[in-house]
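# Descriptive analysis of the structure
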Amino acid sequence: MASFNEKPNAWVTDSGVYTFKVGASSRDIKDSATLKLKGNTVKVHQILEPKHKLNLLK
């Protein structure tokens, strides 16, 4: 339910009400569930970031 945003270097969950539907097809829904999410941002650490600027090949 989250997407990665490179600008803040974080996983971001948008708040809202989400409905999940389960069925054999879109015309044959068997059940559904609703989930209310509060927005959240989880920053990730920079452990894999290079310590020195890289010269990229062109």
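As shown above, the structure is provided for reference.
Residues numbered from 1 in each chain as written. Predicted model: local features only at pLDDT ≥ 70, side-chain atom pairs only at ≥ 80, totals over all residues. Heavy atoms only, no water.

## Overview of the overall build of the protein chain
Helices and strands together make up the secondary structure of the protein chain, namely zero helices and five strands. Ordered by position from N to C terminus, the α and β elements of the protein chain give β-β-β-β-β. Whereas a compact globule of 58 residues would reach a radius of gyration of roughly 10 Å, the protein chain reaches 19 Å, over 25% beyond that. Burial statistics for the protein chain: of 58 residues in total, 5% are counted as buried. For the protein chain, long-range pairs separated by at least 24 residues make up 34% of all intrachain contacts whose partners lie at least 6 apart in sequence. For the protein chain, the exposed area adds up to about 5800 Å²; of that, 55% sits on carbon and sulfur atoms. Mean positive and mean negative side-chain charge positions of the protein chain (10 and 5 charges, respectively) differ by 7 Å. (Helix = DSSP H or I, 4+ residues; strand = E, 2+ residues; numbered from the N terminus. Rg over C-alpha atoms; globule rule 2.2 N^0.38 Å. Buried < 20%, exposed > 50% of the residue type's maximum accessible area, 1.4 Å probe, protein only. Contact = heavy atoms within 4.5 Å. Areas by Shrake-Rupley, 256 points an atom, 1.4 Å probe, with all protein chains shown as cover. Lys, Arg positive; Asp, Glu negative; His and termini not counted. Charge placed at Lys NZ, Arg CZ, Asp CG, Glu CD.)

## Describing the sheet that holds strand β1 (residues 3-5)
Read from one edge to the other, the open sheet built from three strands follows the order β1-β2-β5, with strand pairing classed as antiparallel. Either end of the sheet is taken by a strand with one partner, and the two such strands are β1 and β5 (40-43). Each strand axis lies, on average, 30° off the axis of its neighbour in the sheet, ignoring direction. The sheet contact formed by β1 and strand β2 (residues 10-13) spans three bridges and is antiparallel. Its bridge partner being in β2, serine 3 is matched across the sheet by valine 12. (Pairing = 2+ DSSP bridges. Axes fitted to C-alpha atoms, helices over the stretch in contact; angles between N-to-C directions.)

## Brief notes about the packing of aromatic side chains
All told, the structure shown has one aromatic pair when counted by the stated rule. Summarising the aromatic geometry, the rings of phenylalanine 4 and tryptophan 11 are spaced 5.3 Å apart at their centres and angled 70° between planes, so their arrangement reads as edge-to-face. Of the residues examined, tryptophan 11 reaches a relative accessible area of 41% and is grouped as partly exposed. (Phe/Tyr/Trp six-rings, centres within 6.5 Å; stacked < 30°, edge-to-face > 60°.)

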